[in-house]
Each structure stands twice: as C-alpha cells, then as structure tokens.
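Each chain, letter by letter, is given below.
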Amino acid sequence: MTISALPYLYSLAGISVNFVGFTGVGVILRQAIGPKMSSLDVLFTRIVIHLGFIVAVGAMLPVLLMLLSLPPSLTWRVSSSVVAVLSFLFAVTYPRRRHAASVAQPPALIWIDVVFPLVAAFILTWNAAGLVFEPSPGPFTATLTAILFLSGWAYLNALSFVLRPEIGLPIGEFNSTGGN
C-alpha cells in the first residue's frame, strides 16, 4: 500500500464516522421537537448512515489488509471489490426500500441515490479487475470520497422532508410574537 494513502484513508474514515454521529444527534433532536418520525424520515436517516458506514468500512479495510501483509495490488483488489459489492447492494435495494417507506412517486433527483452508487460500483470493479492499469489507491479513494459526498447530499435533501414546517417555526423566525 502506498503510505501516502494512509492519512487520507484515516481522515476519510474519521469524517465519515463523525458525519454518521452527527446524523444520529439530528435524529434525536428531530424526535424531541416533533411528532413521531415517518417511514420516509427513517429511510432518509438509514440512507445517510448506510452510506457513511460504507465509507468508514471502505477506508479502514485497506489498512487492515496492509497490516495482514497483503501485497498492494491484492489490497486494492479486495478493498475495491468489497466496496463495489456494498455500493451495488445499496443501489439495487434502494428502490424497494423507498417504495416501502412511501408509495408516493419519488422526485427525479432521488434516482441519484441509485445511479451514483452503481457508477461507484462500476469504477471500483474496474479498479479491482486491473484491466487498464494495476489496481491503485487513486480510484478507490476518489470513489469513497464521492460516496461520502453523496451521503452529505442525501442528508441535505432529507432535511427538507425531516424538518417540515409543521413541526416548528420557519427558518429565521424565533417566536410567534415576531420578536427575537
């Protein structure tokens, strides 16, 4: 394994775990200030946590394999393969989970949650296969970073559903009398 990849992988795992923890705190606050979470609210939370754990596991796996003295090429092949499978499973099960949470037609942008992990799985499979060049940390870390960004994007989009106006005051309003 390239030693220069280690600090990046550690940072990526740390950011991912912190983001998942932040999401958990957000869920607790949401439940404290509003009505019971709907199935769709729970799905959005699970999506963010699921993607965050894919990134955390993916960032820690190459380090573990390196500690087991696997050659660099095999380390990136195995790591890429594992994260590719996790991304693929996330993508193919998402439509069923979304439909179970809400029978309403999802907005078109929600399909990014399907297409993006499929593209990530393709890139990781390509890296694992080593068809064009030897498997390396570049495509692997770039794809993990992109999955983390997808998780953040999903979180921001979920806020429009989870923090609905009926559970509190609109943003910028501090109380019903109009005072600050």
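Residues numbered from 1 in each chain as written. Predicted model: local features only at pLDDT ≥ 70, side-chain atom pairs only at ≥ 80, totals over all residues. Heavy atoms only, no water.

A. Expanded view of the overall build of the protein chain. Secondary structure assignment for the protein chain yields five helices and zero strands. When its helices and strands are written in sequence order, the protein chain yields α-α-α-α-α. Here the protein chain holds 180 residues, and 42% of them are scored as buried. Considering only contacts in the protein chain between residues 6 or more positions apart, those separated by 24 or more positions represent 75%. As displayed, the protein chain offers around 9800 Å² of accessible surface, 74% of which is attributable to carbon and sulfur atoms. (Helix = DSSP H or I, 4+ residues; strand = E, 2+ residues; numbered from the N terminus. Buried < 20%, exposed > 50% of the residue type's maximum accessible area, 1.4 Å probe, protein only. Contact = heavy atoms within 4.5 Å. Areas by Shrake-Rupley, 256 points an atom, 1.4 Å probe, with all protein chains shown as cover.)

B. Helix α4 (residues 112-129), seen in detail. Counted at 1.5 Å a residue, the expected span for α4 with its 18 residues is 26 Å, and the 25 Å between its end C-alpha atoms agrees. For α4, the full list of buried residues reads Asp113, Val114, Pro117, Ala120, Ala121, Leu124, Asn127 and Ala128. Buried positions in α4, seen along its axis, are confined to an arc of 155° and lie on one side of it. In the stretch just after α4, Gly130 is the one whose phi turns positive, near 65°. (Expected span 1.5 Å × (residues − 1). Arc of directions from axis to C-beta.)

C. Focus on the packing of aromatic side chains. Evaluated as defined, the whole model comprises four aromatic pairs. Taking 5.4 Å as the distance between ring centres and 55° as the angle between the ring planes, the aromatic pair formed by Trp76 and Phe140 counts as tilted. Residue Trp76 is found in helix α3 (residues 72-101), and its partner Phe140 is found in helix α5 (residues 137-162); the two are separated by 64 residues along the sequence. The pair formed by Trp76 and Phe140 is uniform in burial state, with each residue classed as buried. (Phe/Tyr/Trp six-rings, centres within 6.5 Å; stacked < 30°, edge-to-face > 60°.)

D. Layout of the packing of α3 against α4. Look at α3 against α4: their axes get within 8 Å of each other, and the N-to-C directions meet at 160°. In terms of axis orientation, α3 runs roughly antiparallel to α4. Read as a crossing pair, α3 and α4 show a hand that is left-handed. Counted by class, the contact of α3 with α4 contains 17 nonpolar, five polar and two charged residues. (Axes fitted to C-alpha atoms, helices over the stretch in contact; angles between N-to-C directions. Parallel < 35°, antiparallel > 145°, perpendicular 65-115°, else oblique. Left-handed = near helix turned anticlockwise from the far one by under 90°. Nonpolar A, V, L, I, M, F, W, Y, C, P; charged D, E, K, R; others polar.)

E. Summary view of unusual backbone geometry. Even without being a glycine, Ser69 presents a positive backbone phi close to 65°. Taking the relative accessible area as the measure of exposure, Ser69 reaches 64% and is therefore exposed.

F. Spatial organisation of the environment of Leu118. By the element assignment, Leu118 lies in helix α4. Exposure remark for Leu118: the relative accessible area of 33% places this residue in the partly exposed category. For the pair Leu118 and Ala84, spaced 34 residues apart in sequence, the C-alpha to C-alpha distance is 8.4 Å.

G. Highlighting helix α1 (residues 5-33). Helix length check: α1 (29 residues) gives 42 Å between terminal C-alpha atoms against 42 Å at 1.5 Å per residue, within 8%. Within α1, the full set of buried residues consists of Ala5, Leu6, Leu9, Leu12, Ala13, Ser16, Phe19, Val20, Thr23, Val27 and Arg30.

H. Representation of a nonpolar patch on the surface in the model. Residues Val85, Phe88, Leu89, Val92 and Leu118 make up a contiguous nonpolar surface patch of about 410 Å² in total accessible area. When residues in the nonpolar patch are grouped by element, the largest group, four residues, is from α3. You can see Val92 is positioned in helix α3. Given a relative accessible area of 43%, Val92 falls into the partly exposed group. (Patch = residues over 30% accessible without salt bridge, like charges linked within 9 Å, V, L, I, M, F, W, Y side chains within 5 Å. Salt bridge = Lys/Arg side-chain N within 4 Å of Asp/Glu carboxyl O.)

I. Molecular detail of the side chain of Asn127. In this structure, Asn127 sits in helix α4. Overall, Asn127 belongs to the buried group, its relative accessible area being 2%. Beyond its immediate chain neighbours, meaning those up to four positions away, Asn127 contacts Trp76, Ser80, Phe133, Pro135, Ser136, Pro139 and Phe140.

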